[in-house]
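Chain by chain, the residues run as shown.
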Amino acid sequence: MKLFPFLTLCIPPSKIKNRILNLFNNKQIDLSAYIGFSFINVNNLVIDKNVRIKHFVRMNGIERIHLKESSYIGNHNTFYCALAAGDHGHFTLGENSELVRQNALDLTSNITIGSNVVVGGFGSQLWTHGFGVDRNRIQSEVIIGDNIYRQLEYL
């Protein structure tokens, strides 16, 4: 296991944790941010002030994540990308936006969530790839604008 994800998982939330994490290349974490016991394996990480990442969040194999001021990621959210296979893996969460809990985000392409957005629900999924009826791969980024509340549900 790489050292950075191990530290994000094992060190209790604190300004000291954020100072330690800032020692790594391509990591910029504001000291006011709260990072719970979560596994964060991201090449380029920017966390602005007053961001909260709760516990048991899993971010694995992602190229870039930018969490803007006062954004929130709830417990048990999963972000995944096959960066080694050439996927893009960029995620942006706008100011004052929330990804509530136990959601799954596929970052084959980019996902951008604007400011003042709540992605509610329990077990919502955002996919950036899939397959058409002819089994050809379909891939596209997901963009959610500003000032939106959307509760995604299974059908």
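Residues numbered from 1 in each chain as written. Predicted model: local features only at pLDDT ≥ 70, side-chain atom pairs only at ≥ 80, totals over all residues. Heavy atoms only, no water.

*Asks:* Give a detailed account of the overall build of the protein, specifying residues and quantitative values.
*Replies:* The secondary structure content of the protein amounts to two helices and 17 strands. A compact globule built from 155 residues would reach a C-alpha radius of gyration of about 15 Å, and the protein, at 15 Å, matches this within 12%. In the protein, buried positions account for 42% of the 155 residues. A sequence separation of at least 24 residues applies to 33% of the contacts in the protein between residues at least 6 apart. With the model as given, the accessible surface of the protein reaches about 8200 Å², and the carbon-plus-sulfur share is 52%. Placing the 15 positive and 12 negative side-chain charges of the protein at their respective mean positions leaves the two points 9 Å apart. (Helix = DSSP H or I, 4+ residues; strand = E, 2+ residues; numbered from the N terminus. Rg over C-alpha atoms; globule rule 2.2 N^0.38 Å. Buried < 20%, exposed > 50% of the residue type's maximum accessible area, 1.4 Å probe, protein only. Contact = heavy atoms within 4.5 Å. Areas by Shrake-Rupley, 256 points an atom, 1.4 Å probe, with all protein chains shown as cover. Lys, Arg positive; Asp, Glu negative; His and termini not counted. Charge placed at Lys NZ, Arg CZ, Asp CG, Glu CD.)

*Asks:* Can you explain the packing of aromatic side chains? Please cite residues and give values.
*Replies:* Inspection of the entire model under this criterion finds three aromatic pairs. Between Phe4 and Phe24 the ring centres are 5.2 Å apart and the planes differ by 75°, which places this aromatic pair in the edge-to-face class. Of this pair, Phe4 sits in helix 1 (residues 3-10) while Phe24 sits in the loop between helix 2 (15-21) and strand 1 (27-29); the two residues are 20 residues apart in sequence, bridging distant segments of the chain. The partly exposed category is assigned to Phe24, whose relative accessible area is 24%. A ring pair is formed by Phe79 and Phe91, whose centres lie 5.0 Å apart and whose planes are at 70°; its orientation type is edge-to-face. (Phe/Tyr/Trp six-rings, centres within 6.5 Å; stacked < 30°, edge-to-face > 60°.)

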